[in-house]
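# Overview (structure and organization)
Here's the letter readout for the chains.
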Amino acid sequence: MPGFLITNMRNTLKIGDIKNRVFREMNVEGYSVQVSSTKKFYNDKLLYKDDNIFLVTEGVLLNSADICKAQGEENLGKAIARYYNKAGTDMFSELYGSYSGAIYDFEKKCWTFWTNHTGDSALFWYQYGEEICVATQLDWVLDTLKRNGILLELDESAAYSMLTYGYMCDERTYEKRTKRLFPGSYLYGRPGVMKIGIYWTLTGKEYDVSGLDENRMIDELDRIFREAVQLEFDKDLEYGYDFLADLSGGCDARMVNWVARDMGYGPITNIHYSQADSHEERYTKELAKLMGNMLILRPLDDLWFIYEIEHLVSMNYGLSLYSGSTGGESVLRSLNFEKYGLEHTGMIGDVVPGTFMENLNQFYKKGLYGLYSTKLSEKMDTEHINRYPNTEIQMIYIRALMGACTPYMIRKYYTESISPFMYPKMLEFCMSIPYTKRMNHALYNRWIVNKYPDAAKVKWTHTDALLTDKELYIKIKNFIKRKPARLLNKLKMKHDKYGMNPYEYWYVTQEKFRTFTNEYFNSNIENECFSKPLIDDMQFLFSEGTPLEKVQVLTVLAVGKLYFS
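In short, a report on the structure. Note that the structure is predicted; figures quoted are calculated from it, not measured.

## Focus: the sheet that holds strand β14 (residues 268–274)
- Taken in spatial order, the 5 strands of this open sheet run β15-β14-β13-β16-β17, and their pairing is parallel. One side of each edge strand has no neighbouring strand; the edge strands of this open sheet are β15 (294–299) and β17 (417–418).
- Here 4 bridges tie strand β13 (residues 242–246) to β14, and the two strands are oriented parallel to one another. Residue pairing across strands places Leu244 opposite Thr269, the latter belonging to β14.
- Of the strands in this sheet, β13, β14, β16 (340–344) and β17 touch helix α5 (residues 214–239), which is tilted by about 165° from β16.
- Relative to β14, helix α6 (residues 252–262) is tilted by about 170°, and along the sheet it contacts β13, β14 and β16.

Here it is as structure tokens:
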């Protein structure tokens, strides 16, 4: 992943000489600053210095033109410097996009490092005494520690987070003293006195919607969504890139594409990856044809993303389930990114106009939610959930931002990935709407049917029905559909092949999958970095777990092999 490394530690890792990257390096009052950037959206990636501050940024700033205009500067570096001198850390809340950075104040002799609202433009940091190391890549921090004779310590709570959630539930990484900046936060101060600040917190109370009826809610939702889509697609136009967008049989990527087309953006190239002959594949083809988009299709039957475990773990450091990107990375690897700009996605769309919540009791009852596996849940601490006002906000941060969005780290090796559902204003507005109005995609579906009725003419994979079908018909159809699955579950033979990622089906039908998982497990379980209780728990989960739970175990084993052997 491209980005920057800033440290005052004596033996510094060199991150230059990487193919297709632009390397820049300088010394800032005793701190080594190295930047290794792709040429994508290069003018947004700043290395700026004046008499007051030093500034380095990584990622894509969607509203860079607005920032320059508001500050009366044509140069983005000068505009952000001027803005920071006026507003300080309050500035960060107005920088929209997958954008992070670092600022050194020469007068105060202190650093400020920030991640974006949703935390997908990640920053990792280590500090001990006067020594500090901050980077956009976790392995750059870990390599720097090793070069300075610091022994890496495995944080077994991170291992249990993977073995339950399937991702990290908070700032923790697998190295005990190395942390990830939490979404909407910044790290500031001098070595030895670094502190964490918060510039943006999602509360669900940002908008007063008490005076809005459902139609006005839909109007405002649509307005904000179109605003987000315009920011994204105008960014491609600013750099002269062609449009690239994910597409699936769900509603999320569908609406990104449909609204973009409705706003006049095109042509759009779609990418899709799923099990061949699945409902996802079939409905994706129908949608692409209906919109007139070119479709690049990647069937997942060969399971290469399963076998490339160490390649994928090295790209996102095992912070989320290594198979979480499925075939996405292999598709991006094959594309010519001199041509394409952003990867437009529908990330977390199902739970923004929709919701994680199923009932009122769950909304207020504290607990561990969103786990891939509950078999070891008693080993998982619960302290991390106390920071949230309710379960929905808890799951937005943990399951959506820290979990589902972490595979964005893999995509950053090729381009920047953006979702209008992650636009801060979209999150703020939708979470302000009572979740009872969003349950079962009720408001979401009405938005589509009322505003974009033609987008509802292709079935939705979640129900295998049209959005306009009667609820009773959908319930009866799904009941009939689930009966064979229930029987297979009782017989421990669940292997429906029609889902997007049917792990059970693959495991039952592909001997290579079974052989690989067993061999990788047996070859790596005895790593001395793991304690005996952790080894026993991984052996239990692997032997008794589902194929997906086995993949959770393999993710931890790969982390141990790559970073702690």
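So that's the structure; there's more coming.
## Examining empty space enclosed by the protein
- Overall, the coordinates contain 4 cavities of 30 Å³ or more when judged by the stated rule.
- Here the largest cavity defines a volume of roughly 160 Å³.
- Together, 19 residues line the largest cavity, and Gly97, Ile418, Ser419, Met422 and Tyr423 are the ones closest to its centre.
- Only α5 and β17 provide two or more residues apiece to the lining of the largest cavity.
- It is α5 that provides the largest number of residues to the lining of the largest cavity, a total of 3 residues.
- By residue class, the composition of the lining of the largest cavity is 10 nonpolar, 7 polar and 2 charged.
- Taken as a whole, the second largest cavity holds about 50 Å³ of empty space.
- Every residue lining the second largest cavity is listed: Met1, Pro2, Glu58, Ser121, Ala122, Thr136 and Lys412.
- Tallied by class, residues from the lining of the second largest cavity come to 3 nonpolar, 2 polar and 2 charged.

## Looking at the nonpolar core
- Tyr174, Ile306 and Ile348 are the most contacted members of the largest nonpolar core, which has 178 residues in total.
- Once you skip the residues sitting within four places of it in the chain, Ile348 turns out to touch Ala400, Leu401, Ala404, Cys405, Phe421, Met422 and Leu427.
- Counting residues in each nonpolar core, the second largest holds 20 residues, with Phe4, Phe106, Trp111 and Leu123 among its members.

## A short note on the packing of α6 against helix α7 (residues 279–291)
- Relative orientation of the contacting elements α6 and α7 amounts to 5°, with a least axis distance of 11 Å. In terms of their interaxial angle, α6 and α7 are classed as roughly parallel. For the pair α6 and α7, the contacting residues are Arg254, Asn257, Trp258 and Arg261 in the first and Leu287, Leu290 and Met291 in the second.
- Its residues assigned to classes, the contact of α6 with α7 shows 4 nonpolar, 1 polar and 2 charged.

## Side note on helix α2 (residues 76–87)
- The end-to-end C-alpha distance of α2 is 16 Å, a good match for the 16 Å that 12 residues give at a rise of 1.5 Å each.
- Taken together, the buried positions of α2 are Leu76, Gly77, Ala79, Ile80, Ala81, Tyr83 and Tyr84.
- Packing partners of the buried residues in α2 comprise β4 (47–49), β5 (53–59), α1 (64–71), β6 (99–105) and β7 (110–114).
- One side-chain oxygen of the residue at the start of α2 lies 2.9 Å from the amide nitrogen of Gly77, identifying that residue as Asn75.

## Considering the layout of surface pockets
- Taken as a whole, the second largest pocket encloses approximately 470 Å³ of empty space.
- For the second largest pocket, the lining is made up of 16 residues, of which Asn20, Thr38, Lys40, Phe337 and Tyr414 are closest to its centre.
- Counted by class, the lining of the second largest pocket contains 7 nonpolar, 3 polar and 6 charged residues.

## With respect to the sheet that holds β4
- An order of β4-β5-β6-β7-β11-β12 is seen for the 6 strands of this open sheet, with the pairing classed as antiparallel. Each of the sheet's edge strands pairs with one partner strand only, and the pair in question is β4 and β12 (195–198). Looking at each pair of strands side by side, their axes are set apart by 15° on average, direction ignored.
- By the bridge criterion, 3 bridges tie β4 to β5 in an arrangement that is antiparallel. If you follow Leu47 over to β5, its bridge partner there is Val56.
- α2 contacts β4, β5, β6 and β7 of the sheet and is inclined by roughly 115° relative to β5.

## Details of the packing of helix α20 (residues 532–544) against helix α21 (residues 547–563)
- Axis separation between α20 and α21 bottoms out at 8 Å; the angle between their running directions is 145°. Where α20 crosses over α21, the handedness of that crossing is left-handed. Residues Met538, Leu541, Phe542 and Ser543 of α20 lie in contact with α21, whose contacting residues are Glu549, Lys550, Val553, Leu554, Val556 and Leu557.
- Here the residues of the contact of α20 with α21 are counted per class, giving 7 nonpolar, 1 polar and 2 charged.

What counts and how
Residues numbered from 1 in each chain as written. Predicted model: local features only at pLDDT ≥ 70, side-chain atom pairs only at ≥ 80, totals over all residues. Heavy atoms only, no water. Pairing = 2+ DSSP bridges. Helix = DSSP H or I, 4+ residues; strand = E, 2+ residues; numbered from the N terminus. Contact = heavy atoms within 4.5 Å. Axes fitted to C-alpha atoms, helices over the stretch in contact; angles between N-to-C directions. 1 Å grid on protein atoms, 1.4 Å probe; cavity = no way out; pocket = protein on both sides within 12 Å on 5 of 7 lines; lining within 4 Å. Points joined across faces, edges and corners; volume = space filled by probe spheres on them. Nonpolar A, V, L, I, M, F, W, Y, C, P; charged D, E, K, R; others polar. Core = buried A, V, L, I, M, F, W, Y, C linked by side-chain atoms within 4.5 Å. Buried < 20%, exposed > 50% of the residue type's maximum accessible area, 1.4 Å probe, protein only. Parallel < 35°, antiparallel > 145°, perpendicular 65-115°, else oblique. Expected span 1.5 Å × (residues − 1). Polar contact = N/O pair within 3.5 Å; in protein donor to acceptor, adjacent residues only side chain to side chain. Left-handed = near helix turned anticlockwise from the far one by under 90°.

The values reported here are purely geometric and, on their own, carry no functional implication.
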